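Take a look at the letters that make up each chain.
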Amino acid sequence: KIAQVYAMEILDSRGNPTVRVFVGLDDGTLAQASVPSGASTGEHEALELRDGDKARFGGKGVARAVANVMDVIAPALLGRDPSRQAEIDQDMRALDGTPDKSKLGANAMLGVSMAVARAAAQVAGLPLFAYLGGPGACRLPVPMMNVINGGKHADNSIDFQEFMLVPHGAPSFREALRYGAETYHALKGVLSHRGLSTAVGDEGGFAPDLDSNEAACELIVEAIQAAGLKPGEQVAIALDPAASSFAGNGGYDLSKSGGGHKTSAQMTDLYAQWIRSYPIVSLEDGLAEDDWAGFTAHTAALGDKVQIVGDDIFVTNTAFIRRGIAERCANAVLIKLNQIGTVTETIEAIDLCREAGWRYVVSHRSGETEDSFIADFAVAMGGGQIKTGAPCRGERVAKYNRLLEIEHELGRAAVYASAYRLNT
Ligand code: PGA
Ligand code: ZN
């Protein structure tokens, strides 16, 4: 039974406040969880409650969210059985009473929701991935490792937010991580050899000033080869342009790189060219969140060649995913717990993807903490893909290291999703 729920204001990887929640049970069990925070957030995400008090953290404090956990949520959960996740999440939603969780804050609610799941796993004597995923949870995800950062995640001349390594041709997760780390270091060498900056952006990827967005793809292919690996076969590329962040004037303004203005159809043509030239297997948010018709055309043109992932357009919300399925806007969904605000609703979003035969990628946020919840969650959900940054910076590596632990713990039962050909 839940005996106490309390919260603290902690810092995320960008030095901004976020929420950490503790759930204590009457048998002495104590579980905690910390909530991440995005920078290129979707317009329809559940609301992250910030104080707006300029005297503290430039208005970014989360003291109100913390108080909502202690004063509103905690009293309602005392004496409850933490294994009743769906009921607890539903009751928090009823307490909040708004469609976007703006009264209590999705950051307050998600912290409680995740900590409750962890407490219940401890009571069950199971690691979190086995508690949430059942005895069949043995599939380690292919990581999408963001090694070149641009867009809102770096102060450089790249419009596109993320250029990722996909080491899908490895025999195990452990080896996949090695492929990724070795390519990352090779990329550092390629950049410094050209006199480019090797300072990193928010997700641990390098953030050089390049002459064009496309140059990032060239550099990555060169790095994969320099690491002694085969581009495409062993290590492929995934992109997240995060196009909502450069949408403007009825189209897309590639103003950071000086790439000019493009229509939705011209963006799709650009991606089609890149897909012919580089080993790209996944394309996320190639268009903006409100460009639904563009996404339908985009998926018709590219969806048989690469995985088309919707992030800002779906915001892990079943209402938007349902529309996307009906309109064939994508064939995969990016899954972020804090976009929707409870563990139960996140699982509902994944169930909907499964029903539609769509893929799903469990994801971190650009502002993260050392909490590795999503590593367990990705294995539990079994979708075979996780996106959690470069193999660099503690808050990113915490997730990869947890996946190494899970693979070790599963031993011979562990399956790396390498058979999962992303582009077939
Ligand atoms: P965000 O970026 O966490 O800043 O929203 C991640 C993404 O767009 O996938
Ligand atoms: Zn994204």
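Going by an unreviewed UniProt entry, the protein chain carries the name Enolase and comes from Rhodopila globiformis. In UniProt, the protein chain has this text filed under Sequence similarities (unreviewed entry): "Belongs to the enolase family." According to its UniProt record, the protein chain has this under Function (unreviewed entry): "Catalyzes the reversible conversion of 2-phosphoglycerate (2-PG) into phosphoenolpyruvate (PEP). It is essential for the degradation of carbohydrates via glycolysis."

Student: What's the story with the packing of helix H9 (residues 318-326) against helix H11 (residues 343-356) in this structure? I'm lost.
Tutor: Helix-helix packing: each pair is described by the crossing angle between the helix axes and the interaxial distance. Where H9 contacts H11, the axes come no closer than 9 Å and their chain directions differ by 15°. With respect to each other, H9 and H11 are oriented roughly parallel. Judged by the twist between their axes, the crossing of H9 over H11 is right-handed. Listed contacts from H11 to Thr318, Ile321, Arg322 and Ile325 of H9 are Glu348, Ala349, Leu352 and Ala356. For the contact of H9 with H11, the residue count by class is five nonpolar, one polar and two charged.

Student: Just checking my understanding: could you explain the sheet that holds strand S8 (residues 247-248) for this structure?
Tutor: Think of a sheet as strands paired side by side through backbone hydrogen bonds, with each pair either parallel or antiparallel. If you trace the three strands from one edge of the open sheet to the other, you get S8-S9-S10, paired in antiparallel fashion. The two strands at the open ends of the sheet, each matched to only one other strand, are S8 and strand S10 (260-262). The pairing of strand S9 (residues 251-254) with S10 spans three bridges and is classified as antiparallel. From the neighbouring strand, Tyr252 faces S10, where its bridge partner is Lys262. Those strands touched by helix H7 (residues 264-277) are S9 and S10, and its axis lies near 100° from that of S10.

Student: Sorry, what's going on with the confidence of the model for the protein chain here?
Tutor: Where the model shows low pLDDT, its predicted coordinates should not be examined in detail. Of all residues in the protein chain, 98% attain a pLDDT of 70 or more, and the chain-wide mean is 97. Interface confidence for the predicted complex, given as ipTM, is 0.99, next to a pTM of 0.97.

Student: Would you explain the packing of helix H1 (residues 63-77) against helix H2 (residues 85-96) in this entry?
Tutor: At their nearest, the axes of H1 and H2 sit 11 Å apart, and the two run at 140° to each other. Classified by the angle their axes make, H1 and H2 are oblique. Along this stretch, H1 crosses H2, giving a crossing that reads as right-handed. Two secondary-structure elements touch here, H1 through Val72, Ile73, Ala76 and Leu77 and H2 through Ile88, Met92 and Leu95. Residues of the contact of H1 with H2, tallied by class, amount to seven nonpolar, no polar and no charged.

The rules we used
Residues numbered from 1 in each chain as written. Chains lettered and ligands numbered in written order. Predicted model: local features only at pLDDT ≥ 70, side-chain atom pairs only at ≥ 80, totals over all residues. Heavy atoms only, no water. UniProt positions renumbered as here; feature names shortened; annotations may be inferred. Axes fitted to C-alpha atoms, helices over the stretch in contact; angles between N-to-C directions. Helix = DSSP H or I, 4+ residues; strand = E, 2+ residues; numbered from the N terminus. Parallel < 35°, antiparallel > 145°, perpendicular 65-115°, else oblique. Left-handed = near helix turned anticlockwise from the far one by under 90°. Contact = heavy atoms within 4.5 Å. Nonpolar A, V, L, I, M, F, W, Y, C, P; charged D, E, K, R; others polar. Pairing = 2+ DSSP bridges. pLDDT = per-residue confidence, 0-100.

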